[in-house]
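Survey of secondary and tertiary structure
Read off the chains here:
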2 protein chains.
Amino acid sequence: MTSIKIPPEHPRAESLRTREKLIECYHKGVVATAGLIAHGRGEAFDYLIGEETTKPALNAIRAAASALLLAERPVISVNGNTAALVAEETVRLARIIKAKVEVNLFYRSRERELAIKELLEKAGAHDVLGVGEDASAKIPELGSERRRVSPQGILVADVVMVPLEDGDRTEALVKMGKRVIAIDLNPLSRTARKATFTIVDNVVRATPKLVDTARKLKQDLTKCHQILLDFDNKKNLAESVALIKDRFLRLSERGGCFFSEDEERGF
Amino acid sequence: MTSIKIPPEHPRAESLRTREKLIECYHKGVVATAGLIAHGRGEAFDYLIGEETTKPALNAIRAAASALLLAERPVISVNGNTAALVAEETVRLARIIKAKVEVNLFYRSRERELAIKELLEKAGAHDVLGVGEDASAKIPELGSERRRVSPQGILVADVVMVPLEDGDRTEALVKMGKRVIAIDLNPLSRTARKATFTIVDNVVRATPKLVDTARKLKQDLTKCHQILLDFDNKKNLAESVALIKDRFLRLSERGGCFFSEDEERGF
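Procedures and definitions
Residues numbered from 1 in each chain as written. Chains lettered and ligands numbered in written order. Predicted model: local features only at pLDDT ≥ 70, side-chain atom pairs only at ≥ 80, totals over all residues. Heavy atoms only, no water. Helix = DSSP H or I, 4+ residues; strand = E, 2+ residues; numbered from the N terminus. Expected span 1.5 Å × (residues − 1). Contact = heavy atoms within 4.5 Å. Pairing = 2+ DSSP bridges. Axes fitted to C-alpha atoms, helices over the stretch in contact; angles between N-to-C directions. Polar contact = N/O pair within 3.5 Å; in protein donor to acceptor, adjacent residues only side chain to side chain. pLDDT = per-residue confidence, 0-100. Parallel < 35°, antiparallel > 145°, perpendicular 65-115°, else oblique. Left-handed = near helix turned anticlockwise from the far one by under 90°. Nonpolar A, V, L, I, M, F, W, Y, C, P; charged D, E, K, R; others polar. Buried < 20%, exposed > 50% of the residue type's maximum accessible area, 1.4 Å probe, protein only.

A separate point is helix H1 (residues 13–27) of chain B. With 15 residues, H1(B) ought to run about 21 Å at 1.5 Å a step, and its terminal C-alpha atoms sit 21 Å apart, in line with that. Next to the buried residues of H1(B) lie helix H1 (13–27) and helix H2 (33–49) of chain A together with helix H2 (33–49), helix H4 (80–97), helix H5 (110–122) and helix H8 (203–217) of chain B. Just beyond H1(B), the residue with positive phi is Gly29(B), at close to 85 degrees.

A separate point is the sheet that holds strand S7 (residues 197–199) of chain A. All names here are of chain A. Taking strand neighbours across the sheet as the criterion, the five strands line up as S2-S1-S5-S6-S7 in an open arrangement whose pairing is parallel. Bordering the open sheet on either side are strand S2 (100–103) and S7, each of which pairs with just one other strand. Going across the sheet, the axis of each strand differs from the next one's by a mean of 20 degrees, ignoring polarity. Bridging between strand S5 (residues 159–163) and strand S6 (residues 179–183) involves five bridges; their strand directions are parallel. Paired with Val-162 across the two strands is Ala-182, which belongs to S6. Relative to the sheet, helix H4 (residues 80–97) contacts strand S1 (74–78), S2 and S5, its axis offset from that of S1 by approximately 170 degrees.

Below, the discussion takes up the side chain of Ser77(A). Among the secondary structure elements, Ser77(A) is positioned in strand S1. A distance of 2.8 Å separates a polar atom in the side chain of Ser77(A) from a polar atom in the side chain of Arg169(A).

A low pLDDT means the predicted coordinates there should not be read in detail. The share of residues in chain A with pLDDT of 70 or more is 90%, and the mean pLDDT across the chain is 89. Our summary of model confidence lists the complex with pTM equal to 0.88 and ipTM equal to 0.87.

Residue and element names in this part refer to chain A. Running from N to C, helix H3 (residues 55–70) and helix H8 (residues 203–217) point in directions that differ by 55 degrees, and their axes come no closer than 9 Å. Considering their axes alone, H3 and H8 lie oblique with respect to each other. The two elements H3 and H8 meet at a crossing, and its hand is right-handed. Along the contact surface, H3 presents Leu-58, Ile-61, Arg-62, Ala-64, Ala-65, Ser-66 and Leu-69, while H8 presents Ala-206, Lys-209, Leu-210, Thr-213, Ala-214 and Leu-217. Tallied by class, residues from the contact of H3 with H8 come to nine nonpolar, two polar and two charged.

In this section: the environment of Ala87(A). Residues and elements named next belong to chain A. The topology assignment puts Ala-87 in helix H4. With relative accessibility at 7%, the residue Ala-87 sits in the buried group. Here the alpha-carbon distance between Ala-87 and Leu-119, two residues 32 residues apart in the chain, equals 6.9 Å. Leave out the neighbours within four places in its chain, and Ala-87 touches Thr-82, Leu-119, Leu-120 and Ala-123.

The next thing to look at is the environment of Leu119(A). Residue and element names in this part refer to chain A. Looking at the element boundaries, Leu-119 is found in helix H5 (residues 110–122). Judged by relative accessible area, which is 21%, Leu-119 ranks as partly exposed. Measuring from C-alpha to C-alpha, the distance between Leu-119 and Ala-83 comes to 6.9 Å, with 36 residues separating the pair along the chain. If sequence neighbours within four positions are ignored, Leu-119 has contacts with Cys-25, Val-30, Ala-83, Ala-84 and Ala-87.

Written as C-alpha cells, this is what we have:
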C-alpha cells in the first residue's frame, strides 16, 4: 500500500492515521499479518460504538486505573498492535502506576520481540520484560506461544492489563487469581466477558485517557477503593451492548451508513 | 504470519481457511495491505450476520442472477480480495452469464494488475479486461484509480457486478445508468445503500450460490423477469439490518460471544 497523505480536516483523519501507523509498523516487523486483519475487525466494532469513548468505557477506565494504582505488582502486557499504536502512552501509564511492561505475543519470534522492545524503549521504557530468555515461565492451561511469560512479570503479577488480548489468556490469567484489565472493542468477545475490568474502546483513545485518569486518581487512593466497590463489570458491559444496539437501530432508521466515502474503499 | 494447520473439524475452519488464502495472496502481491484490514472489517460483520447466507441474501442473489442473465453487456469487476478468495467461482459465473471479467483496483500497479490477471487466467478466464493500456476509459466524477476502466468492459456495461466495492464507484456507476450488484457484509455501508442489488453476504459463500442460481435460472428467463419485478432492494436491506439487530440482542441476552476461542487471538 502506498502511503497516502491524510488532510487534517478529513472527517476520519484519526482512523486513517491509526491505520497508516499500523501498516508502517507492519513493515517494520512489529505487527503480525494477522494483526492487520484483527485491526480491521476492531475498526468495524469501533464504527458500531460510534468511534468515541462511551460512558461505560469511561467507567471501566476509572475502575481499571484504580485497580492498577492499588495493585502491588501491576504489569502491562504489550503485543504488536499495542506497541504500534500506543507505545508512548503505555510507557507513560506504566510510569505513573509503577507497572512493569512485558512483551507477550501469539506469533512469537525473536525478531518481533526485539522490534517491539526497541519501539517501547524509544518511547522511554526501561527493563522491558518477556523478551528472549526472560519469557521462561509458563501460564498453565495455555497451548499457544502466549503462555510464555516472565517470572518477574506476568507470572507474579496481581493485576495485568492486556490490551487487544485473546480470550484464552484472559481466562487463564483470571483462573490464576489475577485481576485482568482488557481493552476490547467487541463487548461480546470472550475476552470482554472474562476480564475483571473490560474497557470497550479503541486502544488509541482509551490509553491516553487511562494515563490522565491514573494521574488524577493517584492523589486520592481512598477514592480508588470506592470506585472499585461501586464498579460492576457485567452491568457496565451490558450498557456497552445496549449502546451499540441503539446506535445500530438509529443508523438503520435514518438510512445512514457507518462507513464514510473515504472509508469504505474496496481494494 | 506462519501458516497454521487448520483441522477440518475446527468450528471456524472455513473462516480461518479464508483468512489463510487471503494472506497467501497478499504475499503474492494480489491483495493490498489495506485489503487485509478490509477483510477484518468483513469478518466482524460476518459474525454479526451469523456467518451464513441469510434469507434476504438469498433473495438478493436470485435478483442479481436474474439481472445478470437478462443483461446485454454484463461485466464482473474484480479486485485483489475477490481474486484471492473466489477466482474460480467468478470465472464460472462469468461463463454462465456470458459476462466479461475486468480488473479494477483502488491501489493500482502494473504488478498487481498482472498478478490478478494471472490468478484469473489460472482459474480459466480468457480476455481479462482492465489491465495495462486497456484501462484507458474513465468513469466521470471519480478521483481514485478506481475510475480507470476498459472501454470494452465497465464503460459500456449495462449490469456491473462489484464484489467488495467502494461506495464512490458504486454511486458513480449507478449515476451512469448502470445496474450495480454489490456484495457487501455491511448492510449500512454506502455501497450497500447505493447498489441496485445488494447481497449482504460473505463473497466466499455468495459467489458459489450465484453460480448455482444463475445456472438454474438460465433455463427460465421469464422467471427472471418476474423475480426482478418482485424484488425491492431497500426492503430487502432492511430485513438484513433487522436480522443483525435481532442476533446481536440474542447474543447479548444469553451472554454469548461472537468470537470463539480460536478466533479472538490478540497478536
